[in-house]
Amino acid sequence: DYSHGTEFRCAWDEDSNPTSIRINKDTLSVSVFSRGINGDIITLVREKKSFGHTKAVNYICSIVDFTLDESSEYSLPFGGLYKKISKFKQRKIIEIETYDNSILEDYNKSPSLLFLKDGISCETQIKYNIGYDTLTNRISIPWFNKNNELVGIMGRLNKEELEEHESKYLPIIKFSKSNVLFGLNNNYKSIKEKSGIFIFESEKATMQLDSVGIPLGVSMGGSNLSLEHSILIKSMMLDTVILCMDEGFPEKDILSNIELLKTEGLFKSKVGYIYDENNEHLPKGSKCSPIDLGEDIFKKLIKNKVKWVN
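Rules and cut-offs
Residues numbered from 1 in each chain as written. Predicted model: local features only at pLDDT ≥ 70, side-chain atom pairs only at ≥ 80, totals over all residues. Heavy atoms only, no water. 1 Å grid on protein atoms, 1.4 Å probe; cavity = no way out; pocket = protein on both sides within 12 Å on 5 of 7 lines; lining within 4 Å. Points joined across faces, edges and corners; volume = space filled by probe spheres on them. Helix = DSSP H or I, 4+ residues; strand = E, 2+ residues; numbered from the N terminus. Nonpolar A, V, L, I, M, F, W, Y, C, P; charged D, E, K, R; others polar. Polar contact = N/O pair within 3.5 Å; in protein donor to acceptor, adjacent residues only side chain to side chain. Buried < 20%, exposed > 50% of the residue type's maximum accessible area, 1.4 Å probe, protein only. Pairing = 2+ DSSP bridges. pLDDT = per-residue confidence, 0-100. Contact = heavy atoms within 4.5 Å. Core = buried A, V, L, I, M, F, W, Y, C linked by side-chain atoms within 4.5 Å. Axes fitted to C-alpha atoms, helices over the stretch in contact; angles between N-to-C directions. Salt bridge = Lys/Arg side-chain N within 4 Å of Asp/Glu carboxyl O.

Chemist: Describe empty space enclosed by the protein, with residues and values.
Modeler: Considering all chains together, one arrives at 2 cavities of 30 Å³ or more under this definition. As a volume, the second largest cavity reaches approximately 30 Å³. Around the second largest cavity sit Y128, P142, W143, F144, F182, G183, N185 and N186, which together line it. If one sorts the elements of the lining of the second largest cavity by residue count, strand β7 (residues 138-144) sits on top with 3 residues. Grouping the amino acids of the lining of the second largest cavity by side-chain chemistry returns 5 nonpolar, 3 polar and no charged.

Chemist: Mind laying out the side chain of N179, listing which residues take part and the relevant values?
Modeler: You can see N179 is positioned in the loop between β9 (169-173) and α6 (184-194). Side chain to side chain, N179 and S176 meet in a polar contact 3.3 Å long.

Chemist: Let's hear about the pairing of strand β13 (residues 270-274): which residues, and what values?
Modeler: Regular strands place side chains that alternate from one sheet face to the opposite one. The buried fraction of β13 is high, at 4 of 5 residues. As paired strands, β13 and strand β14 (residues 306-308) are joined by 3 bridges and run antiparallel to one another. Within β14, the position partnered with I274 by the bridge is V306.

Chemist: Account for the confidence of the model for the chain, naming residues and giving values.
Modeler: Chain-level statistics for the chain give a pLDDT mean of 87 and a share of 88% at 70 or above. Across residues 70-93, confidence stays below pLDDT 50; counting only partners more than four residues off in sequence or on other chains, it has 50 contacts.

Chemist: An account of the environment of N185 is requested, with residue identities and associated values reported.
Modeler: The topology assignment puts N185 in helix α6. Overall, the relative accessible area of 15% leaves N185 in the buried class. Taking the C-alpha atoms as reference points, N185 and N147, separated by 38 residues in sequence, lie 6.6 Å from one another. If we ignore the near neighbours within four places in the chain, the residues touching N185 are F144, N145 and N148. One polar contact links N185 to N148, side chain to side chain, over a distance of 2.7 Å.

Chemist: Can you explain the nonpolar core? Please cite residues and give values.
Modeler: Formed by 55 residues in total, the largest nonpolar core has its most connected members in I197, F198, I199, L243 and L261. L243 has contacts with I199, M220, I254, N257, I258, L261, G272, Y273 and I274, leaving out every residue within four places of it along the chain.

Chemist: Before we move on, could you go through the sheet that holds β9 and cite the residues and values that matter?
Modeler: Spatially, the 4 strands line up as an open sheet ordered β6-β7-β8-β9, and their pairing is antiparallel. Sheet topology places β6 (131-133) and β9 at the edges, where each strand pairs with a single neighbour. Across the sheet, the mean angle from the axis of one strand to that of its neighbour is 40°, orientation sign disregarded. Here strand β8 (residues 150-157) runs beside β9; their pairing, made up of 4 bridges, is antiparallel. Opposite M154, over in β9, you have P171 as the bridge partner.

Chemist: Could you give me a rundown of the pattern of salt bridges, with the residues and numbers involved?
Modeler: Using the criterion set out here, one finds 15 salt bridges in the structure. D118 is the partner of K204 in a salt bridge, and the nearest nitrogen-oxygen pair spans 3.9 Å. Within this pair, whereas K204 is found in helix α7 (residues 203-211), its partner D118 is found in the loop between α4 (113-117) and α5 (122-127), the two being separated by 86 residues in sequence. Close ionic contact of D210 with K127 constitutes a salt bridge, the shortest N to O distance being 2.5 Å. One end of the pair, D210, is in helix α7; the other, K127, is in helix α5, with 83 residues separating them in the sequence. When salt bridges that share partners are traced, they join E7, R9 and R22 into one network.

Chemist: So, the sheet that holds strand β10 (residues 196-200): which residues are in play, and what are the values?
Modeler: On the basis of which strands lie adjacent, the open sheet formed by 5 strands has the order β11-β10-β12-β13-β14 and mixed pairing. If you trace the sheet from one side to the other, it starts and ends with β11 (217-219) and β14, each paired once. The average undirected angle you get between the axes of adjacent strands in this sheet is 25°. Inspection of the sheet shows β10 paired to strand β12 (residues 240-244) by 5 bridges, in the parallel sense. Across the sheet, I199 pairs through a bridge with L243, a residue of β12. Contacts from α7 reach β10 and β11 within the one sheet, and its direction differs from that of β11 by about 170°.

Okay, here's the thing in structure tokens:
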């Protein structure tokens, strides 16, 4: 191990190149050249120790002899770095119930033809543990927290045409969507490596994006970004954050969500939102998500219809 200018250099293990890991002293960004890993110091610990996010942060805190504030739900390493990037100082402890992943065995884990027609590949459906609940005739969509712990299951009615009294989406196992982001457990590594994230409303959009080879999406499961969502996103210290609301969502309401994503200080992200004001790509009244019409339209929206605010 040695220090050079603004960098620390070290090996992955005793048999590796002694300069294969580069750590920036100022930003704690990390590159592991021998393994194609890019991210931050937390990413490095996650990959090296096979830890989840919280366990990695706690491990780092133990190494640097930092004691976490017990009144905070979120881990604040390096003298409170995470606290400094958020203007929300006081947090209450939020207990999120988790379930053993064996529960998923109760649902037939198999790709849905309905989702396949919607542009979600079989490979992606397997990746996201899509299944089927025979009791409710619903496609099961498991939600996991950032540590890959099951917190709930949403159900999508397995039919294209709905009766007036039927709800397209209902929870099979109830949970609070405001505390988790769908897809973050699957896409955390890719998001950190690319240092960019796309935030959608529906689970379907994140899976559609994954199906075209872009595993950089997460979903709110609704149209309102919560404070907890914003903290999860800010804690990743990403270069680029883009909010991708459905067509027709009022711009003033988009801006309310955007306010929660703005960052200040050392780790300032470039924050923007897709807004096809004149419906050049998304048909008026369609309620389409930016990825609903395929990869080409999505890339055009990203290229031409992003409004940057930070």
